[in-house]
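Here is what each chain is made of, one letter per residue.
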Amino acid sequence: MNAPFFKGVTFGFYARNGYFSSPDAKIQIDRIAALGTEWVCIVSTVLQEAYCSLRPFRDFLMTPADDELRDIIDYAHEKGLKVMLRPMIECWDGTQRSHINFPADWEIIPGKPIRYWGKWFDNYIDLTRHYARLATRARCEAYGLDSELNGTVSQNDNWLRVVKAAREEFSPAP
């Protein structure tokens, strides 16, 4: 059985707030469509202070606003492209997201649990729910989880929680 071949482009890597509303963003979508590309993965940059911060957040300077994401998704659809929305974490301190890492969740002092991973993933699930709902409302054909989170690969149970949350919130457009 042959797997389908997807012709796609990632668009908006590190695009600052306001870019997706710019004339240049539409020109880029026009160019992507003119190449015969079928899919565009629109990236929304979400920040956290450092690789060891527990809370990713939308930043007024760097994170595209929801309305501009909706507008560029609508424009891509008008051009005949299928859209995957994918939030992507970056660190304000310049550390790459592949370095996000914490000590294991456990308890040394009775009654004082260490829950760095659990807390980070709780917040990541909030991020996932928000953007998966937005992708559903915008009629995206796909929703993508972040990439290059190398330090998190050992967190199978937490990733299963993220996938469950994404599946609860995202319904792909037909």
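Details of the structure are given in the entry above.
Treat the numbers as computed from the prediction; the structure is a model and nothing was measured.

Once that is clear, we can look at the side chain of Arg86. By the secondary structure assignment, Arg86 is in strand β3 (residues 82–91). Not counting the four nearest positions on each side in its chain, Arg86 is found in contact with Thr10, Cys41, Ile42, Val43, Ser44, Gly144, Leu145, Asp146 and Ser147.

Okay, the packing of helix α1 (residues 23–34) against helix α2 (residues 66–78) next. It is the contact of α1 with α2, at a shortest axis distance of 10 Å, that shows an interaxial angle of 30°. Considering the angle they form, α1 stands roughly parallel to α2. The chirality of how α1 crosses α2 is right-handed. Between α1 and α2, the residues in contact are Ala25, Lys26, Ile29 and Asp30 and Ile72, Tyr75 and Ala76, respectively.

Here 4 strands make up an open sheet; going across it, the order is β1-β2-β3-β6 and the pairing parallel. Sheet topology places β1 (8–11) and β6 (142–143) at the edges, where each strand pairs with a single neighbour. One ladder, built from 4 bridges, connects β1 with strand β2 (residues 39–48); its direction is parallel. When the bridges of β2 are listed, Phe11 appears paired with Ile42. Each of β1 and β2 touches α1; the most contacted strand, β1, lies at about 165° to it. Sitting on the sheet, helix α3 (residues 116–137) is in contact with β2, β3 and β6, with an inclination near 150° to β3.

With that settled, consider the layout of surface pockets. When its volume is computed, the largest pocket comes out at roughly 180 Å³. Val46, Arg55, Pro56, Phe57, Arg58, Asn123, Asp126, Leu127, His130 and Tyr131 are the residues that line the largest pocket. Among the elements that line the lining of the largest pocket, the one with the most residues is α3, at 5 residues. Across the lining of the largest pocket, the residue classes break down as 5 nonpolar, 2 polar and 3 charged.

Together, Trp106, Ile108 and Ile109 make up a nonpolar patch on the protein surface, roughly 360 Å² of accessible area in all. On the secondary structure map, Trp106 appears in strand β4 (residues 106–109).

What follows covers α1. Its 12 residues place the ends of α1 17 Å apart at the C-alpha level, agreeing with the 16 Å of an ideal helix rising 1.5 Å per residue. The set of residues buried in α1 consists of Ala25, Ile29 and Ile32. When α1 is viewed along its axis, its buried side chains cluster within an angular range of 60° and face the same direction. Exposed residues lying more than 90 degrees from the buried face of α1 are Pro23, Arg31 and Ala34. Residues of α1 that are buried in the fold lie against β1, β2 and α2. The positive-phi residue at the C-terminal boundary of α1 is Gly36, with phi of around 85°.

This paragraph deals with the nonpolar core. With 40 residues, the main nonpolar core has Phe11, Ile29, Val40, Ile42 and Leu85 as its most contacted residues. For this core, the elements supplying multiple residues, two or more each, are α1, β2, α2, β3, α3 and α4 (156–169). Looking at which element gives the most residues to this core, the answer is α3, with 10 residues. Once residues lying within four places of it in the same chain are set aside, the contact partners of Val40 are Val9, Phe11, Ile29, Ile32, Ala76, Leu81, Lys82, Val83 and Met84.

Within the secondary structure, Glu168 sits in helix α4. Considering only alpha carbons, one finds Glu168 and Arg129, 39 residues apart in sequence, at a separation of 8.2 Å. In this structure the side chain of Glu168 is engaged in a polar contact, spanning 2.9 Å, whose partner is the side chain of Lys164.

The rules behind each value
- Residues numbered from 1 in each chain as written.
- Predicted model: local features only at pLDDT ≥ 70, side-chain atom pairs only at ≥ 80, totals over all residues.
- Heavy atoms only, no water.
- Helix = DSSP H or I, 4+ residues; strand = E, 2+ residues; numbered from the N terminus.
- Contact = heavy atoms within 4.5 Å.
- Axes fitted to C-alpha atoms, helices over the stretch in contact; angles between N-to-C directions.
- Parallel < 35°, antiparallel > 145°, perpendicular 65-115°, else oblique.
- Left-handed = near helix turned anticlockwise from the far one by under 90°.
- Pairing = 2+ DSSP bridges.
- 1 Å grid on protein atoms, 1.4 Å probe; cavity = no way out; pocket = protein on both sides within 12 Å on 5 of 7 lines; lining within 4 Å.
- Points joined across faces, edges and corners; volume = space filled by probe spheres on them.
- Nonpolar A, V, L, I, M, F, W, Y, C, P; charged D, E, K, R; others polar.
- Patch = residues over 30% accessible without salt bridge, like charges linked within 9 Å, V, L, I, M, F, W, Y side chains within 5 Å.
- Areas by Shrake-Rupley, 256 points an atom, 1.4 Å probe, with all protein chains shown as cover.
- Salt bridge = Lys/Arg side-chain N within 4 Å of Asp/Glu carboxyl O.
- Expected span 1.5 Å × (residues − 1).
- Buried < 20%, exposed > 50% of the residue type's maximum accessible area, 1.4 Å probe, protein only.
- Arc of directions from axis to C-beta.
- Core = buried A, V, L, I, M, F, W, Y, C linked by side-chain atoms within 4.5 Å.
- Polar contact = N/O pair within 3.5 Å; in protein donor to acceptor, adjacent residues only side chain to side chain.

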